[in-house]
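Results of the structural survey
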Amino acid sequence: MSLLVFIAIWQALAAYFASHTLPTPAIVATVFWQSCVTGELPFHLGATLLRLVVSFSIAMLLGCALGIVLGRNKRLDAFFDNWLVIFLNVPALVTIILCYVWFGLIESAAILAVVLNKLPNVIVTIREGTRALDQDLLEMAKCYNLSKHDTLVHVIWPQLHPFVMGATRSGLALIWKIILVVELLGRSNGMGYQLHLFFQLFDVASILAYTIAFVAVIQLIELMILKPLDKKALQWRR
Amino acid sequence: MATMSDIHINIASKFYPAIGRAGQHLAIADLTLTLKSNEFICLLGPSGCGKTTLLNIVAGLDNDYKGDIFAGQSHSLPKIGYIFQNPRLLPWRTVRENIDLVLGVQSSSAVVDGLLEVMQLTHFQHVYPERLSLGMSRRVAIIRAFAVDPDILLMDEPFVSLDAPTARQVRELLLALWNERPHNVLFVTHDLREAIALADRLIFLSAAPMSFISEIKVPIARAERHNESAIEAFRWQLLNDYPLIKTLL
């Protein structure tokens, strides 16, 4: 329903201004369909998604591991705290440019730039979660001689779950945005590259069509992957 | 069943380090305790005297003390079953999964079934802890502690904040379980009546720095423990003979 109202307002505004910089929903839908049929949109969306999956996985795995270590070890945490603050605050654009300058306009440099931008966020979130672990349950695990593996999987990880999901959601949003800049600056495929092209052509209909594809993918990830994960992990709650 | 092993507890001193303006605090001084042949000992003492500290040291959670604790002749560390003041169950695991976790690979479903049966929790074994009442959670914690077949069971006021009938019910279930599977027990409580109902030996402890004041054997036969008047009579006798006890509870 709210979606229909949104489209109606869009239609009204587009009809009123009648400008090619604000195409009607129908035109955007046609462009969307055409670029799907030619395979152009799926190709570029696929390239971006692949980068997303790779860089996201690396950032989450590394970030969780480092976050748990820093949250459990005060001395390491004190040592690396300043590093984290620095990396958290380096502008994304600077990391991207430096990666391209130092390592060349290659795929791994692009992935590295995305990971470096996301990693500090994950570390900080998971570190906070680790600091908030329930000491009572950890004591229980210790006096019942639970193995390190069991303690991590059955005592610590479920407590970190909300933090991991938080890092995942904010991470996906952040990585999307950064990947586009990375592609715009130094790749010859992907959504960012295409959007840059459309910008130079002033092709607003294509920009909007790509945006829709984009939003749809995010919704799908949320519905098909994140929501079920949440549901499964939280079934014990009243 | 556990091979009966004596537990030797000897704590020369336990200090808490100075924090801020509060100076170093001597919590326990010269405390020696031996548990033999599956003995049920109740520790009584004023609150804040360091009873939980003592249990945590025995459990191996606190290693910052002078002294030693060992089981049997081999001087090995005792295997622990700890029933905390709060049940400390993992909320994301069912009753059964909570018990299975501490058993690890040696998990035997027959043993767990038997324990659930005695504690009247068979029908609740697949329920998540948040759906249990406090009394039931406490019973699960008791099962978990017995399940590992420990050298010593530590219980830190496990019936506190239960209403009287529930506390009595859980206490009787605990005794039923303990009679069936005897173990060495260190049981901390403030409640003299509860202590008499449960213990072979009462041990009275002083305020901090905690040390041994006296010990009293409970002469009531196990079969008579459900008899309220026998317990009450012994309680009066104790309070008459040792008026000091009142100041300790």
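The residue count restarts for each chain, going from 1 along the sequence in the order it is written. Working convention: letters from A go to chains and numbers from 1 go to ligands, in the order in which they are written. Given that this is a predicted model, residues contribute local features only at a pLDDT of at least 70 and side-chain atom pairs are listed and counted only at 80 or more, while totals for whole chains, interfaces and linings are drawn from all residues.

1. What about the overall build of chain B?
Helix and strand content of chain B: eight helices and nine strands. The C-alpha radius of gyration computed for chain B amounts to 18 Å, which stays within 12% of the reference 18 Å derived for 249 residues, consistent with globular compactness. By principal-axis analysis of the C-alpha atoms, chain B measures approximately 45 × 45 × 40 Å. Counting all 249 residues of chain B, 37% fall into the buried class. By definition, residues are in contact whenever their C-beta atoms, placed on the basis of the backbone, come within 7 Å of each other. When contacts within chain B are restricted to residue pairs at least 6 apart in sequence, long-range pairs at least 24 apart make up 72% of them. Going along the chain from the N terminus, every DSSP run of H or I of four or more residues is numbered as a helix, and every run of E of two or more is numbered as a strand. In this treatment the radius of gyration is a C-alpha quantity, and the globule benchmark scales as 2.2 Å times the residue count to the 0.38 power. As a rule, residues whose C-beta atom has 12 or fewer other C-beta atoms within 10 Å are exposed, those with 20 or more are buried, and those in between are partly exposed; C-beta atoms are placed from the backbone.

2. A word on the overall build of chain A
Looking only at helices and strands, one finds 10 helices and zero strands in chain A. When the helices and strands of chain A are placed in sequence order, the string is α-α-α-α-α-α-α-α-α-α. If you line up chain A on its principal axes, its C-alpha atoms span 70 × 50 × 30 Å. Here the contacts in chain A between residues at least 6 apart in sequence split such that 72% fall between residues at least 24 apart.

3. A short note on the sheet that holds strand β1 (residues 7-16) of chain B
All names here are of chain B. When DSSP locates at least two bridges between a pair of strands, those strands are taken to pair. Pairing within the open sheet is antiparallel, and its three strands lie in the order β2-β1-β4. Each edge of the open sheet carries a strand with a single partner, namely β2 (25-35) and β4 (66-71). Between one strand axis and the next, the sheet turns through 15 degrees on average, direction left out of account. Simply put, an axis is a line fit to the C-alpha atoms, just over the touching stretch for a helix, and the angle between two N-to-C directions goes from 0 to 180 degrees.

4. A closer look at the pairing of strand β7 (residues 184-189) of chain B
Walk down a regular strand and you will see the side chains alternate between the two sheet faces. Residues and elements named next belong to chain B. The element β7 is largely enclosed, with a buried count of six among its six residues. Here β7 shows no split at all, with N184, L186 and V188 on one side and V185, F187 and T189 on the other all buried. Two elements, strand β6 (residues 152-156) and β7, share five bridges in a ladder whose sense is parallel. Of the residues in β7, the one forming a bridge with M155 is F187.

5. A look at the interface of chain B and chain A
Counting from both sides, the interface comprises 17 residues of chain B and, opposite them, 15 residues of chain A. For the side of chain B that touches chain A, the secondary-structure elements that each account for two or more residues are β5 (80-83) and α2 (95-103) of chain B. Of the residues that constitute the side of chain B that touches chain A, the class distribution is 11 nonpolar, two polar and four charged. Nonpolar residues are Ala, Val, Leu, Ile, Met, Phe, Trp, Tyr, Cys and Pro. Charged residues are Asp, Glu, Lys and Arg, and all others, Gly as well, are polar.

6. Digging into the environment of R93 of chain B
Within the element layout of this structure, R93 of chain B appears in the loop between β5 and α2. For the pair formed by R93 of chain B and R138 of chain B, sequence separation is 45 residues and the distance between their alpha carbons is 15 Å. Residue contacts for R93 of chain B: discarding those within four places in its chain leaves H154 of chain A together with N98 and L101 of chain B.

7. A closer look at the nonpolar core
One broad rule of soluble globular proteins: the nonpolar side chains tend to lie buried together. A set of buried residues drawn from Ala, Val, Leu, Ile, Met, Phe, Trp, Tyr and Cys, joined through C-beta atoms within 7 Å, is what defines a nonpolar core. Counting residues in hydrophobic clusters, the biggest one holds 110 residues, and the most contacted among them are I143, L154, F187 and A199 of chain B. Here the element with the most residues in this core is helix α8 (residues 148-186) of chain A; it accounts for 11 residues. The residues contacting L154 of chain B, other than those within four sequence positions of it, are L55, V58, A59, I80, Y82, I83 and L186 of chain B.

8. Description of unusual backbone geometry
With phi around 50 degrees, D30 of chain B is a residue other than glycine that occupies positive phi space. Mapped onto the elements, D30 of chain B comes out in strand β2.

9. Some words on the sheet that holds strand β8 (residues 201-205) of chain B
Residue and element names in this part refer to chain B. Strand order in the open sheet formed by six strands is β5-β6-β7-β3-β8-β9, and the pairing between neighbours is mixed. The strands lining the two open edges of the sheet, one partner per strand, are β5 and β9 (212-217). Averaged over all pairs of adjacent strands, the angle between their axes in this sheet comes to 20 degrees, without regard to strand direction. In this structure, β8 lies alongside β9, joined through five bridges in antiparallel fashion. The partner of F204 across the bridge, within β9, is S214.

10. Some thoughts on the confidence of the model for chain B
Parts of the model with low pLDDT should not have their predicted coordinates read in detail. What pLDDT reports is the predictor's confidence in each residue, on a scale of 0 through 100. Averaged over chain B, the pLDDT score is 87; the fraction of residues at 70 or greater is 98%. Among the scores for the predicted complex, ipTM is 0.87 and pTM is 0.82.

11. Looking at the packing of α8 of chain A against helix α10 (residues 204-233) of chain A
Residue and element names in this part refer to chain A. With their axes 11 Å apart at the nearest point, α8 and α10 run at an angle of 170 degrees to one another. As summarised for this structure, α8 and α10 are arranged roughly antiparallel, according to the angle between their axes. Between α8 and α10, the contacting residues are H161, M165, T168, R169 and L172 on the first element and I221, L226, D230 and A233 on the second. Broken down by class, the residue content of the contact of α8 with α10 amounts to five nonpolar, two polar and two charged. The cut-offs work like this: below 35 degrees is roughly parallel, past 145 is roughly antiparallel, 65 to 115 is roughly perpendicular, and the gaps in between are oblique.

12. Regarding helix α7 (residues 228-241) of chain B
Each residue after the first adds 1.5 Å to the expected span of a helix. Taking 1.5 Å per residue as the helical rise, α7 of chain B with its 14 residues ought to reach 20 Å, and the 20 Å between its terminal C-alpha atoms agrees with that figure. When you tally the buried positions in α7 of chain B, you get one out of 14 residues, a small fraction of the element.

13. Thoughts on the pairing of strand β3 (residues 40-44) of chain B
Residue and element names in this part refer to chain B. Burial of β3 is extensive: five of the five residues sit out of reach of the surface. Alternating positions in β3 separate into two faces, F40, C42 and L44 on one and I41 and L43 on the other, with burial throughout. As defined by bridge partners, β3 adjoins β7 across five bridges and the pair is classed as parallel. Counted as the bridge partner of I41 is L186 from β7. Pairing between β3 and β8: four bridges, direction parallel. Across the sheet, the residue bridging to I41 is R201, located in β8.

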